[in-house]
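# Observations on the model geometry
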Amino acid sequence: MKHTLDHIAGVIGSPSTADKRVIEQLLLDSRKVYATATALFFALKGPRRDGHQFIPELYKKGIRSFVISTPVDAAAYPQAAFLLVDDTQIALQRLATYHREAFNIPVIGITGSNGKTVVKEWLYQLLHSRFNIVRSPKSYNSQIGVPLSVWQINEHHNLGLFEAGISQPGEMQKLEAMIRPDIGLLTNIGEAHSEGFAGRSQKLKEKMLLFAHSSLIIANGDDEGVADVINASGKRKILWGKKEANDVLLTGIKKEKNTTEISLKFPGEEMVFSIPFTDDASIENAVHCFLVSMELGEDSQTLVRGMRSLQPVNMRLELKKGINHCTIINDSYSADLDSLEIALNFLDQQTNNSKKTVILSDFLQSAADDGNLYPFIIDTLKKHRVTRLIGIGEHISAALQRIAVNETELPVIELYASTADYIRQFLSLQFKEETILIKGARVFGFEQIVQLLEQKVHQTVLEINLDALVSNVKAYQQQLKPSTRIMAMVKAFAYGSGGAEIAGILQYHKIDYLGVAYADEGVELRKSGITLPIMVMNPEVTAFESIVEHNLEPDIYSFAMLHAFQGFLENEGLQQYPVHIEIETGMNRLGFAVDDTERLADILAASPLLKVQSVFSHLAASEDPGEDAYTMGQYARYQQAAANLSRIGYPFLRHISNTGAIFRLPELQLDMVRLGIGMYGVDSAAVHQSWLQPVTTLKTTIAQLKQLKAGETVSYNRRGVIERDSLIATVRIGYADGYSRKLGYGTGKMHVRGHDAPVVGTICMDMTMIDVTGIPGVQEGDEVIIFGKEIPVQQLATWAGTIPYEILTGISQRVKRVYFEES
Ligand SMILES: *Cc1c(COP(=O)(O)O)cnc(C)c1O
C-alpha cells in the first residue's frame, strides 16, 4: 500500500496539497535519519524538546516532507512540503489508525504490566514459520511507539503482534484505535508502573480498553480483579489458572533443574508441555503463548516442540572493546529486519570509529524471500554508511552473489557458507579501528565470533546499563524547568563507567554540556568524536595548548589563572575564547572570592580575548538537609557574585546545583545543573533513590571451591579462621581491582545464586575468598556479584567505610567495561 503526501494530508486533516510524492518511513527522531527521499518527519512537541527546532538540520540532511503544528517559513526550504495540523502526535496516530484499517489480518494485542515483550517475542518464535508476522520492534508500545509499529504492516503480513503500554489514564483508547486487536492478551498486571494511576483497579480498567473491539480475551483468572472485569465484559474469554472457576486449569507445574513441565486441563482433554525455564514469570508467559497459539490453530505436536525450544528473549545490545582497537556490538541473538534497524541505530551512536563492519547471518525471513530481502538489506546497510559486510550462511551467500556489486557504492562484501567456514579463515588482522556489529540468528552460534574478536582480559567485568543511565538523566530532567540545561559531569572516566562511551550516549541524547576535571580527559573525549561543549574544571597552564587545540572550555578560578590564560590567547592571536568563571561561596576549594567579582567584571568587560559562557559555584553539602542554611548562604553569595558579574555586558549561564540539590532544592536549578553521580543511579541525598535505576554492576566468577574443616585458616596471616566445616569459594577480584581491603573478615558480602556470601579472611591483590556454605547448586565458574541491583553500591560503600563515589571511581582499569542497551 503506497501512501502519497496528498493522500496523507487528507487523512491527518491538514490543508490539501497536490503533492504526489510517496512516503514510506515515518520519522520522529532527528537522529535516526537514513532514507531521506521517502521519509515524513513529524515535529512532535515534548516537555523539553520541540521537534520543530530540528527542521533546519533535517532539511540539510535531505528530508523534504514535514508534518508541523507551528507554521514555518516555507520559502526558506525549497522543494519541501509542510503539512500543517493542530497536533502532530494526533496526526501521527490518525495516520497509523488509517493504515491499520487498510489491512484485514488477525492482530493480537498484548498489554499488562510485565511480560509483554517476552510474550510477543515468544509468539514470534513459535509462529514465524507458519505466519508472516509483523510485530512491534523492541518494546515500541507507547503513544508514539505503537504508530511506528503499526506503520510496518504491509501486504505480505498475515498476522500482527503488537504491545500496548500506558503510563496514564486516557492513553489506551488511542492505542486501541491503532492496534484494533482481534485477540486480546492480558499479561501479569503486577504492581509495576502504577505511578500515573489512582490504584490497581483503575489501571486494570484502563488496560481493558485495549480489548474494546476484540472477540476474545486471554488472561490469568487466578487474579480476582482480572477475572471479575473480564467476566463482566461479556466477551468470549479464556481464563486460566489454578482456581476451579477458570476455563483452562493449570493442574501441574513440575520444576526440574533447567526445565518446567506444565499441565493444562481443557474441557475434555489434558495437555502437557515443557519449557526450558523454571522461573514463575516464564511459566506464566509460556501458558499465555500456548493458549494464543492453540487459538490460532497451531498443531499441538508442533506447538509442544516449539515450547520446548523457546529461547530467552535477549533484547540486549552489548558493546565491548575488541581486538586492534575495534569496538564490538554483540547482537548474536536474532536476525530479522526490525531488529537489524535497531542494531544499526545503535551502531550509528558509536562515534569512535569511522569504519563500520557488519557480520550478518541468514535472515529468518529467508524462507519467504521473494528475491527482494537481501537487496533491501544491502540498501539499508548503505543508508547507515556501513563500509563492509561479512555475510555468513547459505541463503545470504547465494542471494548476494546474484547482486551486481558496484564497487564504488556498495560496502565491501565477503561471503562464507557457515560459521565454521568463517572461523577457519578468520584473521585478526583483518580488523582494525572499526566498529563491528555481529548480528545473527541463534542457530549460527555467532558468540564464537564474538569471542574471537573480543579483547581478552581479566574475567571481572563492570557492566554498564546504558538504558538505565538514560532513564536516570530523564528522571532528573523531569524535575527541571524545560529551559534548565544539564551539564553532565563525566570526570574521572565518567565516575569509572568509561568516559568516551558514556559521553557518546549523552551526546546522542542531546545533553547540553559536559564537564571533566582535567584537560586530558577532555582530549580523550574529542578523540572519540565528542563534539559537545566541554568544561575543564582544573586547567593547568601546561595544558592550555591542548585545551585550545581541542576546543575545550577552561574554568577560570583565580586572577593568576585569568592572566595566564589571557596571555596565552594573546600570543596565539585568539579572541572571544569560551571560558567559565568559578565563584568561591563556601566549599573553599577553587574560585574567585565574592568580594573580587566587581574587579573581575571590569577586567572581563574590557577583554576581547575571553567570552564568559557561564558563572558557577559548587555546593559543599547539597545532599544534607541539616546543612540547608549553609547551602542557602552559599546560594545567596553566589547570586551576589553573579549580579556583580552581570556588568560584563552580555548574558551567561548560571549554575550551582550538583546531584544532591536537583531533587531536594529545585529552587536552585537556575539556567543549568551539573549532574554527576545521579546519572549513575545514586541519589546522593538518598531521598528519591526509587526514581533512579542502578547503572553499573561489578561482577566476577568463582575460580575454585574448597571444602574446609573447622579450625583451618584462609588467606594471608591466617586471619580467616574457619569455625565450622565450610565451603569456601575463591573469586577473581582483589584490591588491585578496587575491592578494598577494608571489606575483609566478614565485613563485605558478595551475591552468589541469590544469596549473600561473606568475605573470609584477608583480601588479596587479585583474589578474595568468600563463604558459600549452604548455597544450593553453587559451582566453579558461577557468577558473583560485587555490587549492582542485588547489592547496591551504597551498601558496599557503607561496608567499606566510604562513599559510592570512591567505590565507582576506584574500579581499576584492568576490569573490563561492558556496555549494553535493552528495551
Ligand atoms: C563532581 C562535581 C559535580 C558533580 O557532583 P555530583 O555530586 O556527582 O553530582 C558538580 N560540580 C562540580 C564542580 C564537581 O566537581
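Residues numbered from 1 in each chain as written. Predicted model: local features only at pLDDT ≥ 70, side-chain atom pairs only at ≥ 80, totals over all residues. Heavy atoms only, no water.

### Focus: the domain arrangement of the protein
Split into domains, the protein comes out as domain 1 (3-90), domain 2 (103-308), domain 3 (317-456), domain 4 (473-690) and domain 5 (696-821). Once you take the C-alpha centre of each, domain 2 and domain 5 turn out to be 41 Å apart. (Domains from an automatic or database assignment.)

### Looking at the site of the ligand
Close contacts around the ligand come from Met489, Lys491, Tyr495, Met537, Arg589, His618, Asn658, Thr659, Arg674, Gly676, Ile677 and Tyr805, and that covers them all. Within the side chain of His618, one N or O atom sits 3.3 Å away from a nitrogen atom of the ligand. In this structure, a nitrogen atom belonging to the ligand sits 2.8 Å away from a side-chain N or O atom of Arg674. With the chains in place, 95% of the 390 Å² that the ligand exposes on its own is no longer accessible. The residue inventory of the shell around the ligand, partitioned by class, reads five nonpolar, four polar and three charged. (Near = heavy atom within 4 Å. Polar contact = N/O pair within 3.5 Å; in protein donor to acceptor, adjacent residues only side chain to side chain. Areas by Shrake-Rupley, 256 points an atom, 1.4 Å probe, with all protein chains shown as cover. Nonpolar A, V, L, I, M, F, W, Y, C, P; charged D, E, K, R; others polar.)

### Let's talk about the UniProt feature "binding site: substrate" (unreviewed entry) in the protein
Taking the UniProt record as the reference, the feature "binding site: substrate" (unreviewed entry) is found at Arg589 and Met765. Annotated residues spanning 177 residues; largest pairwise C-alpha distance 33.9 Å, indicating distribution over more than one region. The subset of the named residues that lines the second largest cavity consists of Arg589. Inspection of the secondary structure puts Arg589 in the loop between strand 27 (577-584) and strand 28 (592-593). For Arg589, a relative accessible area of 47% corresponds to the partly exposed category. (UniProt positions renumbered as here; feature names shortened; annotations may be inferred. 1 Å grid on protein atoms, 1.4 Å probe; cavity = no way out; pocket = protein on both sides within 12 Å on 5 of 7 lines; lining within 4 Å. Helix = DSSP H or I, 4+ residues; strand = E, 2+ residues; numbered from the N terminus. Buried < 20%, exposed > 50% of the residue type's maximum accessible area, 1.4 Å probe, protein only.)

### A word on empty space enclosed by the protein
Scanning the model with the defined rule gives two cavities of 30 Å³ or more in all. Of the pockets and cavities examined, the largest cavity occupies roughly 130 Å³. Lining the largest cavity, in full, are Leu319, Thr327, Gln349, Gln350, Thr351, Asn352, Leu466, Ala500, Glu501, Gly504, Ile505 and Ser528. The element contributing the most residues to the lining of the largest cavity is helix 18 (residues 499-508), with four residues. Taken together, the residues of the lining of the largest cavity sort by class into four nonpolar, seven polar and one charged. Per-domain counts for the lining of the largest cavity show at least three residues from each of domain 3 (317-456) and domain 4 (473-690). The space that makes up the second largest cavity amounts to roughly 30 Å³. In terms of lining, the second largest cavity is formed by Glu582, Ile583, Glu584, Thr585, Met587, Arg589, Leu590, Ser617 and His618. Ranked by residues supplied to the lining of the second largest cavity, first place goes to strand 27 with three residues. Grouping the amino acids of the lining of the second largest cavity by side-chain chemistry returns three nonpolar, three polar and three charged. (Points joined across faces, edges and corners; volume = space filled by probe spheres on them.)

### Re the sheet that holds strand 6 (residues 81-84)
Spatial ordering of the open sheet is given by 3-4-5-6, a layout of four strands whose pairing is parallel. The outermost strands of the open sheet, each flanked by one partner alone, are strand 3 (25-27) and strand 6. The mean inter-strand angle of the sheet, taken between neighbouring strand axes irrespective of direction, is 25°. In the sheet, strand 4 (residues 39-42) pairs with strand 5 (residues 65-68) via three bridges, with the strands oriented parallel. Opposite Leu40, over in strand 5, you have Ser65 as the bridge partner. Sitting on the sheet, helix 1 (residues 5-12) is in contact with strand 4, strand 5 and strand 6, with an inclination near 15° to strand 6. Sheet contacts for helix 3 (residues 88-101): strand 3, strand 4 and strand 5; angle to strand 4, the most-contacted strand, approximately 140°. (Pairing = 2+ DSSP bridges. Axes fitted to C-alpha atoms, helices over the stretch in contact; angles between N-to-C directions. Contact = heavy atoms within 4.5 Å.)

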